[in-house]
Amino acid sequence: MIRLRWTQAWDCVILCVIVLSLLLVNPVYGAPVNKLENKPLVAKSPSGVTADAAVLMDVATGDILFSKQAHKRRPPASTTKIMTAILGFELGRPDEVVTVSEKAAAVGESTIFLDPGEKITLYELITGALVRSGNDACVAIAEHIAGSEEQFVKFMNRKALALGAQDTNFVNTNGLPRKEHYSTAYDLAVMARYGLQIPQFQSITRQKETEIHFIEPDVFMDVRNTNKLLWNYPYADGIKTGTTTAAGKCLVASATKEGRQLLVVVLNAPDRFGDAKKLLEWGFQTTETVRLADVGQVIGEFPHITKPVQVLTTDPLDVSIPKADREKLLTRIEWEKATNLPIRAGERVGRFEVWLGEKRLNSVHLISENEIAEKSFLKTIIPYH
């Protein structure tokens, strides 16, 4: 019999959890077919952005509206804590009681002043990490869930890669400077977008001020969010700041206006809050999200067979575009299934695509509504329009 060491078995469990979380935690923003490469959809961009690297993303669609050196690897500072919090929620229970270790309590710089032996819930530690930017809270989270910070960091990197953050490498849980600890504006946007789908994550990051409750000793600590955008931009509703000498001033921020949520990342930005506000407001004013189809919408009929088979969309089809381009959008069906029978109910038969000129913006799968098992005569082949 082959016996796995505890760490190997735990790795297997965590990997399964990460895969399942990608499948189950993301019901709102279904992954589109053949999503565009990460190129901005809007050619004309705002000027005067001080950040060395930046990204503006539509949260619902994942479309990039603005980018500046989006894939340049940079120190992410405390924006690292976005991934720490995500895994804290996915791999632990918020009400679990954590006993603070000497190692966690010894972490310096920005902290929530943990002492060895103190008891506090995982939820309160995540709050301390996201709102107060507690470096010590991150280590306590990691040790509680994975046994060590080093093991937890492995899970962070696997999760980042699974989400599509291919230019990210974490060395610690809090973003304290290390040579091989880096990410990009695009990768941070991808991770933050995912985090916003976790209700507790979004709820915590939008708080201007809150309390952290310790169990032993039974005390409360008042904390104030480091994200000043929550005070000076009325639509702001998250997420996380980061600052080190190597990284400069960084910010991952979200805002919701008239039901539409945008996400901005600015790295090494002397005027990070000004940059974020400028990009968010530009995005709201000059772009829009257009829905071309709802989930389960009948798009047409599968061609060339005598008995009609209606085809349905598997996901909503949304795109974010410049407002001036709305009338230029075109849709088309790309059939993937040959015209031979049978056709099974729910079988994937093609894609419903949306185009802007020569650029395909997005697509969703098409499936058959019903089945045809009997032999059928092919119609005369006529190109679909």
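Our subject is the structure listed above.
Residues numbered from 1 in each chain as written. Predicted model: local features only at pLDDT ≥ 70, side-chain atom pairs only at ≥ 80, totals over all residues. Heavy atoms only, no water.

Thoughts on the packing of aromatic side chains
Part 1 of the argument: Counted by the stated rule, this structure contains 5 aromatic pairs.
Part 2 of the argument: Judged by centre distance (6.4 Å) and plane angle (70°), the ring pair of Phe 66 and Trp 282 falls under edge-to-face. Here Trp 282 lies in helix H10 (residues 272-286) and Phe 66 lies in strand E2 (residues 64-68), a separation of 216 residues in the sequence.
Part 3 of the argument: On the numbers, 5.2 Å between centres and 90° between planes, the contact of Phe 302 with Trp 335 is edge-to-face. Linking Phe 302 in the loop between strand E11 (298-301) and strand E12 (310-313) with Trp 335 in strand E14 (residues 329-335), this pair joins segments that are 33 residues apart in sequence.
Part 4 of the argument: One aromatic cluster is present, built from ring pairs that chain together Tyr 233, Tyr 235 and Phe 284.
Part 5 of the argument: Of note, Arg 332 hangs over the ring of Trp 355, and the distance from its end group to the ring centre comes to 4.2 Å. (Phe/Tyr/Trp six-rings, centres within 6.5 Å; stacked < 30°, edge-to-face > 60°. Helix = DSSP H or I, 4+ residues; strand = E, 2+ residues; numbered from the N terminus. Lys NZ or Arg CZ within 6 Å of the ring centre and 35° of its normal.)

Thoughts on helix H5 (residues 135-146)
Part 1 of the argument: Its 12 residues place the ends of H5 17 Å apart at the C-alpha level, agreeing with the 16 Å of an ideal helix rising 1.5 Å per residue.
Part 2 of the argument: Of all 12 residues making up H5, 11 are buried, and the element is well covered by its neighbours.
Part 3 of the argument: One or two residues past the end of H5 sits Gly 147, with phi positive at roughly 90°. (Expected span 1.5 Å × (residues − 1). Buried < 20%, exposed > 50% of the residue type's maximum accessible area, 1.4 Å probe, protein only.)

Looking at the sheet that holds strand E6 (residues 219-224)
Part 1 of the argument: Taken in spatial order, the 4 strands make up an open sheet running E3-E4-E5-E6, and their pairing is antiparallel. On the outer flanks of this sheet lie strand E3 (97-99) and E6, each paired with one strand and no other. Sheet twist, expressed as the mean angle between neighbouring strand axes with direction ignored, is 35°.
Part 2 of the argument: Running over the sheet, helix H4 (residues 122-130) touches E3, strand E4 (119-121) and strand E5 (209-216) and is turned about 80° from E4. (Pairing = 2+ DSSP bridges. Axes fitted to C-alpha atoms, helices over the stretch in contact; angles between N-to-C directions. Contact = heavy atoms within 4.5 Å.)

A closer look at helix H2 (residues 81-91)
Part 1 of the argument: Where burial is concerned, most of H2 is hidden: 11 out of the 11 residues are buried.
Part 2 of the argument: For H2, the set of buried residues is Lys 81, Ile 82, Met 83, Thr 84, Ala 85, Ile 86, Leu 87, Gly 88, Phe 89, Glu 90 and Leu 91.

What about the side chain of Thr 121?
Part 1 of the argument: Note on placement: Thr 121 falls in strand E4.
Part 2 of the argument: Judged by relative accessible area, Thr 121 falls into the buried class, the value being 16%.
Part 3 of the argument: Aside from chain neighbours lying at most four places away, what touches Thr 121 is Pro 94, Asp 95, Glu 96, Val 97, Val 98 and Ile 215.

Observations concerning the sheet that holds E14
Pairing between the strands of a sheet comes from backbone hydrogen bonds, and it takes one of two forms, parallel or antiparallel.
Part 1 of the argument: The sheet built from 5 strands is open, its strands ordered E11-E12-E16-E15-E14 with antiparallel pairing. This sheet does not close on itself; its edge strands, each paired only once, are E11 and E14. Strand after strand, the sheet turns through a mean of 35° between neighbouring axes, direction not considered.
Part 2 of the argument: Where E12 and strand E16 (residues 359-368) come together, 3 bridges link them in antiparallel fashion. Bridge pairing in E16 links Thr 313 to Leu 366.

As for the pattern of salt bridges
Part 1 of the argument: For the structure shown, the criterion picks out 19 salt bridges.
Part 2 of the argument: In this structure, Arg 224 and Glu 209 form a salt bridge, with 2.9 Å as the shortest nitrogen-oxygen distance. Here the residue Arg 224 occupies a position in strand E6, and Glu 209 occupies one in strand E5, the gap between them amounting to 15 residues.
Part 3 of the argument: Between Glu 353 and Arg 360 there is a salt bridge, with the nearest N and O atoms lying 3.2 Å from each other.
Part 4 of the argument: Linked by salt bridges that have partners in common, Glu 336, Arg 348, Arg 351, Glu 353 and Arg 360 make up one network. (Salt bridge = Lys/Arg side-chain N within 4 Å of Asp/Glu carboxyl O.)

Overview of the nonpolar core
A general feature of soluble globular proteins is that nonpolar side chains tend to end up buried together.
Part 1 of the argument: Counting 67 residues, the largest nonpolar core has Met 83, Leu 125 and Phe 201 as the members making the most contacts within it.
Part 2 of the argument: The contacts of Leu 125, once residues within four sequence positions are left out, are Val 98, Ile 112, Leu 114, Ile 120, Ala 137, Ala 140 and Ile 141. (Core = buried A, V, L, I, M, F, W, Y, C linked by side-chain atoms within 4.5 Å.)

Here's the deal with the packing of H5 against helix H6 (residues 149-163)
Part 1 of the argument: Where H5 contacts H6, the two axes come as close as 8 Å, and the packing angle between them is 90°. When the interaxial angle is binned, H5 and H6 end up roughly perpendicular. Contact residues: H5 offers Val 139, Ile 141, Ala 142, Glu 143, Ile 145 and Ala 146, while H6 offers Glu 149, Gln 151, Phe 152 and Phe 155.
Part 2 of the argument: Taken together, the residues of the contact of H5 with H6 break down into 7 nonpolar, 1 polar and 2 charged. (Parallel < 35°, antiparallel > 145°, perpendicular 65-115°, else oblique. Nonpolar A, V, L, I, M, F, W, Y, C, P; charged D, E, K, R; others polar.)

What about the packing of H2 against helix H7 (residues 185-195)?
Part 1 of the argument: Where H2 meets H7, the closest approach of the two axes is 10 Å, and the angle between their N-to-C directions is 35°. For the pair H2 and H7, the sense of crossing is left-handed. Where H2 approaches H7, its residues Ile 82, Met 83, Ile 86 and Glu 90 are matched on the opposing element by Met 191, Ala 192, Tyr 194 and Gly 195. (Left-handed = near helix turned anticlockwise from the far one by under 90°.)

Things to note about the pairing of strand E15 (residues 348-356)
Part 1 of the argument: Across the 9 residues that make up E15, a large majority, 8, are buried.
Part 2 of the argument: Judged from the 7 bridges that link them, E14 and E15 form a sheet pairing that is antiparallel. In the sheet register, Ile 333 faces E15, and the bridge partner there is Phe 352.
Part 3 of the argument: Note: E15 against E16, 8 bridges, orientation antiparallel. Note that in E16 the partner of Trp 355 across the bridge is Arg 360.
Part 4 of the argument: Between E15 and E16, which pair antiparallel in sequence order, lie 2 residues; one of them, Gly 357, sits at a positive phi of approximately 65°.

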